[in-house]
Amino acid sequence: MIPRELAKKIRYIQIYTSKAVNDVLAGEYESVFKGRGMEFDEVREYAPGDEIRSVDWNVTARMGHPYVKRFVEERELTIMFLVDLSASGAFGTVEKTKNEVAAEICALLAFSAIKNNDKVGLIIFTDTIEMFVPPKKGASHVLRLIRDLLNFSPRQTKTDIAIALNYLGRVLNKRCVAFLVSDFICDTGFEKTLHVLGRRHDLIAVSISDPTEIVLPPVGLIELEDAETGERILIDAGSPGVRNHYQGLTQEGRRRLRELFRSAGIDHAELVSGRDHVKDLVRFFRTRERRQ
């Protein structure tokens, strides 16, 4: 029996995402991901009507008469969500925590995927692999993933992104589209794994931040606690100098993260709690499509 409060959250996400997908997102998703769905099938002899562009000149030179490459449309994509549910994700100063935002983002993308007949799977991680749900199709499967994301109680509190990436590499041999969803409040050390997995899969980083993690509000003395380590610090948020220093540190951290993904050739969507995630995703899809 699903608790009433959880059922309400799932129902809200189902209604919200279904409308967004039907109205806007499904078409954007298809434009970005389905346009790349052609794979090599075979080389065969040239026949009247074949396009000159499809001629395989290397094989033609060896055989002494024309051969062409034949491509077929890839039947389906596999979408994997690697979702960080470490303790820092339970933080939120607006309507939702970062973990709840992560569930909404995954729902928006997952419903877009199944509308295009793609399979969807899930890896929940902290500094260990907490849960793996193999890819499947169907709305009931997506609702199960949303329920897991909203209701899951992780065993650990810290974050290890390399563990999640390595696990994906072990459980999925076929190329997939993988969304790495995290606040990326963690130690580095996953750069090499990011580069390797980015070549094997279409890896997309989705970073989620709370507004106060970007700009500190002027609220006087506040105690900040690192949810993953328990470390605490008292700061004077009423001081303009303290707020400016804080904002400088957060901007530098975000800049380094962008540079990390750029150097690895990884697309990166930056989302902030409390904003319109549908608009942010549409903007990301259109930027990615132009780049492709």
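Refer to the structure printed above.
Notes on the structure follow. Worth saying up front: this structure is predicted, and the values here are computed from it rather than measured.

1. Quick look at the packing of helix α3 (residues 98-115) against helix α8 (residues 277-291)
For step 1, the next point in the chain: The interhelical angle for the contact between α3 and α8, taken along N-to-C directions, is 55°, at an axis separation of 11 Å. Taken as axis vectors, α3 and α8 run oblique relative to one another. Seen from above, α3 lies across α8 with right-handed handedness. Taken together, the residues of α8 that come into contact with α3 (itself represented by V101, E104, I105, L108 and L109) are H277, V278, L281 and F285.
For step 2, the next point in the chain: Residues of the contact of α3 with α8, tallied by class, amount to seven nonpolar, one polar and one charged.

2. Observations concerning the environment of G265
For step 1, the next point in the chain: Turning to its location among the elements, G265 is positioned in the loop between α7 (240-264) and β10 (267-272).
For step 2, the next point in the chain: Note: C-alpha distance between G265 and L203 (62 residues apart in sequence) is 9.0 Å.

3. Brief notes about the pairing of strand β4 (residues 119-125)
For step 1, the next point in the chain: Here β4 lies mainly inside the structure; six of its seven residues are buried.
For step 2, the next point in the chain: Pairing of strand β3 (residues 78-84) with β4, which is carried by seven bridges, proceeds in the parallel orientation. Paired with T78 across the two strands is K119, which belongs to β4.
For step 3, the next point in the chain: Crossover connection from β3 via α3 to parallel β4: handedness right-handed.
For step 4, the next point in the chain: Sheet topology places β4 next to strand β5 (residues 129-136); five bridges connect them, and they run antiparallel. Counterpart to I124 in the pairing with β5 is M131.
For step 5, the next point in the chain: Counting the residues that bridge the hairpin from β4 to β5 gives three residues.

4. Focus: the sheet that holds strand β6 (residues 177-182)
Whether parallel or antiparallel, the strands of a sheet pair through hydrogen bonds between backbone atoms.
For step 1, the next point in the chain: Taken in spatial order, the six strands of this open sheet run β5-β4-β3-β6-β7-β10, and their pairing is mixed. One side of each edge strand has no neighbouring strand; the edge strands of this open sheet are β5 and β10. Recorded for the sheet is a direction-independent mean angle of 15° between the axes of neighbouring strands.
For step 2, the next point in the chain: Those strands touched by α8 are β7 (202-209) and β10, and its axis lies near 165° from that of β10.

What counts, and where the lines are drawn
Residues numbered from 1 in each chain as written. Predicted model: local features only at pLDDT ≥ 70, side-chain atom pairs only at ≥ 80, totals over all residues. Heavy atoms only, no water. Axes fitted to C-alpha atoms, helices over the stretch in contact; angles between N-to-C directions. Helix = DSSP H or I, 4+ residues; strand = E, 2+ residues; numbered from the N terminus. Parallel < 35°, antiparallel > 145°, perpendicular 65-115°, else oblique. Left-handed = near helix turned anticlockwise from the far one by under 90°. Contact = heavy atoms within 4.5 Å. Nonpolar A, V, L, I, M, F, W, Y, C, P; charged D, E, K, R; others polar. Buried < 20%, exposed > 50% of the residue type's maximum accessible area, 1.4 Å probe, protein only. Pairing = 2+ DSSP bridges. Right-handed = clockwise from strand over helix to strand, strands pointing away.

Honestly, that's just the spatial picture; any functional story needs more than this.
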